[in-house]
Amino acid sequence: MDTYAVVGNPVAHSKSPFIHARFAQQTGRIMHYTALLAPLDRFEQTALDFRKTGGKGMNITVPFKFEAFALANQLTDRASAARAVNTFWFEEKGKILGDNTDGVGLVRDIEVNLNFPLAGKHILLMGAGGAASGVILPLLQQQPGLLAIANRTPDKAASLQRQFASHGNITSGYYHDFAGQNFDLIINATSASLHNELPPIPADLFHGTSLAYDMLYSSRLTPFLELAKMQGAGYLADGAGMLVEQAAESFLLWHGIRPETQTVIRQLKDNLRHPTS
Ligand code: ATR
């Protein structure tokens, strides 16, 4: 049987095995998809050992996306733009193809599932780490009016701004630099919610027509979404839809078929609320 895995540290919480099992069921594929914990200093060995035992493909999660980028010996355009990889495909001839499906997953969730077209919109992206860099190009490809990157350490945001400057209208700075500006979409791509913290968000950022999007997901509102709600954001979404959409894109790469996602997003949300479902 073909085997696949998600590799991370920590990884026990990952919902990728749940999602891929539903995709396999839906499309009639017989495959095994498991979660693999890699020691922090042994990502490469873990990935190569998995391939040696017959692994066909892999998803890569925190904190290994940059190492996965370095290990791949062939990259899709979107992975090389992101400089981060979340999907490996172990090709027959021994090559490791690296892809990044995070950005396209985010864009599909926002534009298709949430019916929020990005063309002409003003977007504030909070954070400048691996999660942020993976989504910048796919966001710019939708031709927003502006993409602003805010980060606690503004040099990192400025470096992303330079990296992607030729792809669209992009700016960067501290959080407070964007106080009083009008954004249609505010995305939290920081890891602050993981530690139950919040980025220093200016007080007047959200309004009735703005969408607040947290790339993390949870059974309850994340601290970022709580704040956005309190400050009057019209629409709230967490990263459950993005997770399912990026998984669907990996599934497409491996199996040549795109699974239906709406049902699986609903199943994932139910599972988050009632983990035994
Ligand atoms: P990931 O791969 O999840 O993006 P990362 O590369 O370590 O992880 O990046 C984490 C991001 O979250 C960074 O933008 C970080 O800000 P700094 O670059 O200033 O460190 C941001 N971040 C983490 N905790 C934060 C907090 N409490 N407030 C604001 N930003 C935070």
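Note that this is a predicted model, so its numbers are computed, not measured. (Residues numbered from 1 in each chain as written. Predicted model: local features only at pLDDT ≥ 70, side-chain atom pairs only at ≥ 80, totals over all residues. Heavy atoms only, no water.)

Quick word on the overall build of the protein chain
Item 1. Along the protein chain, the regular secondary structure elements total 10 helices and 12 strands.
Item 2. A compact globule built from 277 residues would reach a C-alpha radius of gyration of about 19 Å, and the protein chain, at 18 Å, matches this within 12%.
Item 3. Once the C-alpha set of the protein chain is aligned to its principal axes, its extents read approximately 55 × 40 × 30 Å.
Item 4. Among the 277 residues that make up the protein chain, the fraction classed as buried is 50%.
Item 5. Long-range contacts, defined here as pairs at least 24 residues apart, represent 66% of the contacts in the protein chain between residues at least 6 apart.
Item 6. Working note: accessible area of the protein chain is about 12,700 Å², and carbon and sulfur atoms make up 50% of it. (Helix = DSSP H or I, 4+ residues; strand = E, 2+ residues; numbered from the N terminus. Rg over C-alpha atoms; globule rule 2.2 N^0.38 Å. Buried < 20%, exposed > 50% of the residue type's maximum accessible area, 1.4 Å probe, protein only. Contact = heavy atoms within 4.5 Å. Areas by Shrake-Rupley, 256 points an atom, 1.4 Å probe, with all protein chains shown as cover.)

Brief notes about helix α2 (residues 43–52)
Item 1. Listed in full, the buried residues belonging to α2 are Phe43, Thr46, Ala47 and Phe50. In an axial view of α2, the angular spread of the buried residues amounts to 95°, which keeps them on one side of the axis.
Item 2. Those residues of α2 that are buried are in contact with β1 (2–8), β2 (31–37), β3 (55–60), α3 (65–71) and β5 (87–90). (Arc of directions from axis to C-beta.)

Quick notes on helix α7 (residues 154–164)
Item 1. Residues Pro154, Ala157, Leu160 and Phe164 constitute the buried set of α7. All buried residues of α7 fall inside an arc of 115° around its axis, so they share one side. Looking at α7, the residues exposed on the side facing more than 90 degrees away from the buried face are Asp155 and Arg162.

Topic: the environment of Gly127
Item 1. For Gly127, the position within the fold is in the loop between β7 (122–126) and α6 (130–140).
Item 2. Discounting residues that sit within four places of it in the chain, Gly127 has contacts with Ala132, Ile149, Ala150, Asn151, Tyr175, Ala189 and Thr190.

Side note on the site of the ligand
Item 1. In the neighbourhood of the ligand, 15 residues make up the surrounding shell, with Asn151, Arg152, Thr153, Lys156 and Glu197 lying closest.
Item 2. Here an oxygen atom of the ligand and a backbone polar atom of Ala128 are 2.9 Å apart.
Item 3. In the model, an oxygen atom of the ligand is placed 2.8 Å from a nitrogen or oxygen of the Asn151 side chain.
Item 4. A total of 650 Å² of accessible area belongs to the ligand in isolation, and the protein chains cover 78% of it.
Item 5. Residue classes in the shell around the ligand are distributed as 5 nonpolar, 7 polar and 3 charged. (Near = heavy atom within 4 Å. Polar contact = N/O pair within 3.5 Å; in protein donor to acceptor, adjacent residues only side chain to side chain. Nonpolar A, V, L, I, M, F, W, Y, C, P; charged D, E, K, R; others polar.)

Some details on the domain arrangement of the protein chain
By convention, interface size is frequently given as the accessible area that disappears when the constituent parts associate.
Item 1. For the protein chain, the domain assignment lists domain 1 (2–100 + 241–273) and domain 2 (103–238).
Item 2. Between the C-alpha centres of domain 1 and domain 2 there is a distance of 24 Å.
Item 3. Contact with domain 1, which involves 19 residues of that partner, is made by 21 residues of domain 2.
Item 4. Both sides of the domain 1 and domain 2 interface together cover about 1,600 Å² of buried area, and 60% of this is carbon and sulfur. (Domains from an automatic or database assignment. Buried area = accessible area lost by both parts, 1.4 Å probe.)

Some thoughts on the environment of Gln231
Item 1. By the element assignment, Gln231 lies in the loop between α8 (223–230) and β12 (235–237).
Item 2. Of the residues examined, Gln231 reaches a relative accessible area of 24% and is grouped as partly exposed.
Item 3. Sequence-wise, Gln231 and Gly256 are 25 residues apart; in three dimensions their C-alpha atoms are separated by 43 Å.
Item 4. Contact partners of Gln231, with chain neighbours within four places excluded, come to Pro202, Ala203, Leu205 and Phe206.

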